[in-house]
Amino acid sequence: MIQEWMSLAPNENLHLPAPNIFIPTDLLLKDPEEKVKYPVLLRKSSYSRVWYKPDTMFSSPKACVKMGFNCPYARDSHEAQVLTSIFAQLVMDYLNEYADYAWVAGLQLRFYISKTYSGFEVTLDGYTHKLRMLWEIVVDKIANFEVKPDRFSIIKEQVTQDYQNLKFQQPYEQAMYYCSLLLEDRSWPWMEELEVLPNIKAEDLARFAPMMLSMAFLECYIAGNIERAEAESMMEHVEDIFFKGSNPICQPLFPSQHLTNRVIKLVRGMNYFYSKEGLNPSDENSALLHYIQVHRDDFMLNVKLELFDLIAKEPAFHQLRSVEQLGYITSLEQRNDFGIRALQFIIQSTVKGPGHIGLRVQAFLKMFETELYKMTHDEFTNNVNALIDVKLEKHKNLRGESRFYWREITDGTLKFDRIEAEVAALRQLTQLELIDFFNEYIKVGAPQKRTLSVHVVGKGH
């Protein structure tokens, strides 16, 4: 038997796996040159803006890098939106050959590329020692992007299926989508994007990708166990590839081409309605999303809205869900669209249609007005302290901290001291100021109130 085995060797199909290039060997913690509490602007040019935050909290040999490609052509039309989605998924598909090695190494060295409001975004996090290597691989795949027809067909089919599946979203999810579609500037309905998908070919993407990348501005955040000079070097490497050389891939944007995230400002004293039939004709559920637009990002107004949400959330659920039993899905929550703050009720029901549910939301607000006025000083103080405790809860890891600061960057608010400033505002807030806020922005018939009610009507109504 042994001789028979020996006679069959060697077998080219039986071999050790290739060396895993992502296994880190240097886990030393780097001492930052300066102990900064918030991200600092490391460099800014016509090509990019780089924010840097050394790790001063987690003492971990890891880093996180986020980079957004802001490309005006990426959202120029329905076709552009669809092609950007396919581009992002194809790049991820090409990178799959590295994904298993990163995962097997136990590095938590994750990367993904996703379509965003103004282009696409790259995120990497994991052990610092091997992160630069993966970073350069990802950048190279984007810079030297080619369309492989066989993979294009597969990804196109996946994207088409993703769009088709949107028809089977629950009604409350449809209501949330319609609300965003109505509020966000220059957003395209997914139904129209689905219509253009069948006619898109690999050649279309091959023409579109260079055009999309031809004009770009890069927004980057680098944090963790990484030195300032190394962070700057990483961005210089990206700029050299995309913007430098005799035949650069990208040109910097003109000032007028920089994309901003804008939200429709509703008119004071106006109540807007939008009604659509549910996409799934067999679904008996209807849904209401009652949106109350309040203010643009402001520390004091933010905490007033958050405190009201904290105080009213449980009573709203109790009254509308438990007592009136309007629907299993019932919530009151605050909303933040690129720094525009709002309050929204979401209710999905087989029992009542969205029109009736809307009347019950108004009735709840009238009822809760009395409860708010009757609230004792101790109850108010306890709620303020509870919100302060929530805000002062520390980030659990570098990934969570990076997500928080990246939101400030992508929203354009750049208020990195938000937690401390809002806690300070909470400690100054009085009960009378909260009542005045309710009377001005949320109360039924409030002079500053701006509302949008989105109705998704199901089969049963």
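Parameters at a glance
Numbers given for residues are sequential positions, taken from 1 along each chain in its written order. Totals for whole chains, interfaces and linings use every residue, but because this is a predicted model, local features are given only for residues with pLDDT of at least 70 and side-chain atom pairs only at 80 or more, for both listing and counting. Calculation of side-chain values draws on the structure's entire complement of heavy atoms; hydrogens and water are dropped beforehand. As defined here, a cavity is a set of points on a 1 Å grid over the protein atoms alone where a 1.4 Å probe fits but cannot get out. A pocket is an open set with protein on both sides within 12 Å along at least five of seven lines, and residues line them when an atom is within 4 Å of a point. Grid points are joined across faces, edges and corners, and a volume is the space filled by probe spheres set on the points. For the purposes of this entry, the term helix denotes a DSSP run of H or I that reaches at least four residues, the term strand denotes a run of E that reaches at least two, and both are numbered from the N terminus. Lys, Arg, Asp and Glu make up the charged group, whereas Ala, Val, Leu, Ile, Met, Phe, Trp, Tyr, Cys and Pro make up the nonpolar group; the residues left over, Gly among them, are polar. Here a strand pair is declared whenever DSSP counts at least two bridges between the two strands. Every axis in this analysis is a line fitted to C-alpha atoms, fitted for helices over the stretch in contact. Angles between the N-to-C directions lie between 0 and 180 degrees. We call two residues in contact whenever any of their non-hydrogen atoms come within 4.5 Å of each other. A helix is expected to span 1.5 Å multiplied by its residue count minus one. Only protein chains enter the accessibility calculation, which uses a 1.4 Å probe; a residue is then buried when its area is under 20% of its type maximum, exposed when over 50%, and partly exposed in between. Here, the arc refers to the directions that run from the helix axis to the C-beta atoms. In plain words, nonpolar cores are sets of buried Ala, Val, Leu, Ile, Met, Phe, Trp, Tyr and Cys residues tied together by side-chain atoms within 4.5 Å. Roughly parallel means an angle under 35 degrees; roughly antiparallel means over 145; roughly perpendicular covers 65 to 115; every other angle is labelled oblique. The salt bridge criterion pairs a side-chain nitrogen of Lys or Arg with a carboxyl oxygen of Asp or Glu, the two atoms within 4 Å. Centres within 6.5 Å make a pair out of two Phe, Tyr or Trp rings, where for Trp the six-membered ring is used; the pair is then stacked when the planes are under 30 degrees apart, edge-to-face when over 60, and tilted otherwise. Both a distance and an angle decide whether a charge sits over a ring: NZ of Lys or CZ of Arg must be within 6 Å of the ring centre and within 35 degrees of the ring normal. Under the rule applied, a polar contact is a pair of N or O atoms within 3.5 Å (in protein, one hydrogen donor and one hydrogen acceptor; residues adjacent in sequence only if both atoms are side-chain atoms).

**Digging into the layout of surface pockets**
So, step 1. Volume-wise, the largest pocket comes out at about 1,100 Å³.
So, step 2. Along the wall of the largest pocket there are 42 residues; nearest its centre are T260, N261, T410, D411 and G412.
So, step 3. Of all the elements in the fold, those that place two or more residues in the lining of the largest pocket are β3 (62–70), β5 (119–127), β6 (217–224), β8 (286–296), α13 (398–411) and α15 (431–441).
So, step 4. Partitioned by chemical class, the residues of the lining of the largest pocket number 15 nonpolar, 14 polar and 13 charged.

**Looking at unusual backbone geometry**
So, step 1. For Q325, which is not a glycine, the phi torsion comes out positive at approximately 50°.
So, step 2. Topologically, Q325 is positioned in the loop between α10 (299–323) and β9 (329–337).

**Details of the sheet that holds strand β10 (residues 340–349)**
So, step 1. Taken together, five strands build an open sheet; the order of strands is β7-β11-β8-β10-β9 and the sheet is mixed. Sheet topology places β7 (271–277) and β9 at the edges, where each strand pairs with a single neighbour. Direction aside, neighbouring strands of the sheet carry axes that sit 15° apart on average.
So, step 2. Here β8 pairs with β10 via 10 bridges, running antiparallel. Bridge pairing in β10 places Y291 opposite Q344.
So, step 3. Where α10 meets the sheet, its contacts fall on β8, β9 and β10, and the angle it forms with β9 comes to roughly 165°.

**A closer look at helix α9 (residues 228–243)**
Two residues of an α-helix separated by three or four positions point the same way, owing to the 3.6 residues in each turn.
So, step 1. Taking 1.5 Å of rise per residue, 16 residues should cover 22 Å, and α9 covers 22 Å from first to last C-alpha, within 8% of that figure.
So, step 2. When α9 is considered as a whole, its buried residues turn out to be A231, M234, M235, V238, E239, F242 and F243. Seen end-on, α9 carries its buried residues on one side only, within an arc spanning 135°.
So, step 3. Along its buried surface, α9 packs onto β1 (40–44), β2 (48–54), β3, α4 (128–143) and β6.
So, step 4. In the segment just after α9, G245 is the residue with positive phi, at about 95°.

**Side note on the nonpolar core**
So, step 1. Core analysis: the biggest nonpolar cluster contains 61 residues, and F69, I86, I142 and L205 have the highest contact counts within it.
So, step 2. If we skip the residues at most four places from it in the chain, I86 touches F152, I155, V159, L197, I200 and L205.
So, step 3. Membership of the second largest hydrophobic core comes to 38 residues, among which are L305, F308, A316 and I357.

**Overview of the environment of Y98**
So, step 1. Inspection of the secondary structure puts Y98 in helix α3 (residues 96–104).
So, step 2. With relative accessibility at 19%, the residue Y98 sits in the buried group.
So, step 3. Taking the C-alpha atoms as reference, Y98 lies 10.0 Å from V138; in sequence the two are 40 residues apart.
So, step 4. For Y98, the contacting residues outside a window of four places in its chain are F22, I137 and K141.

**Let's talk about the packing of helix α12 (residues 377–392) against helix α14 (residues 418–428)**
So, step 1. Across the interface, α12 lies against α14 with an axial gap of 10 Å and an inter-helix angle of 170°. Here α12 lies roughly antiparallel to α14, going by the angle between them. Where α12 abuts α14, its residues V384, L387, I388, K391 and L392 lie against I419, E422, V423, L426 and R427.

**Digging into the pattern of salt bridges**
So, step 1. This structure, assessed with the given rule, holds 30 salt bridges.
So, step 2. Among the ionic pairs, R43 bridges to E236, the shortest N-O distance being 3.3 Å. Taken together, the residues R43 in strand β1 and E236 in helix α9 connect sequence positions 193 residues apart.
So, step 3. The class for R43 is buried, based on a relative accessible area of 18%.
So, step 4. Across the pair E393 and K396 runs a salt bridge whose closest N-O atoms are separated by 3.0 Å.
So, step 5. Among the ionic contacts, a cluster of salt bridges with common partners joins D297, E306, R341, K391, E408, K415, R418 and E422.

**Points about the packing of aromatic side chains**
So, step 1. Per the counting criterion, the structure on display carries 17 aromatic pairs.
So, step 2. Pairing Y405 with F416 gives two aromatic rings, centres 5.8 Å apart and planes at 75°, and the pair type is edge-to-face. Within this pair, whereas Y405 is found in helix α13, its partner F416 is found in the loop between α13 and α14, the two being separated by 11 residues in sequence. Here Y405 matches F416 in class, with each residue buried.
So, step 3. Clustering of aromatic rings is evident, with ring pairs tying together F69, F87, Y94, F120, F145 and F242.
So, step 4. Against the face of Y94 rests K148, its NZ or CZ located 4.6 Å from the ring centre.
So, step 5. A cation over a ring is seen here: K415 above F299, with NZ or CZ 5.0 Å from the ring centre.

**Brief notes about the pairing of β1**
So, step 1. Two elements, β1 and β2, share four bridges in a ladder whose sense is antiparallel. Paired with L41 across the strands is W51, a residue of β2.
So, step 2. Counted between consecutive antiparallel strands, the loop separating β1 from β2 contains three residues.

**A closer look at the side chain of T160**
So, step 1. Residue position: T160 is located in helix α5 (residues 149–165).
So, step 2. The class for T160 is buried, based on a relative accessible area of 19%.
So, step 3. Polar side-chain contacts of T160 include one of 2.8 Å to the backbone oxygen of K156.
So, step 4. Ignoring any residue separated from it by four or fewer positions in sequence, one finds T160 in contact with L194 and L197.

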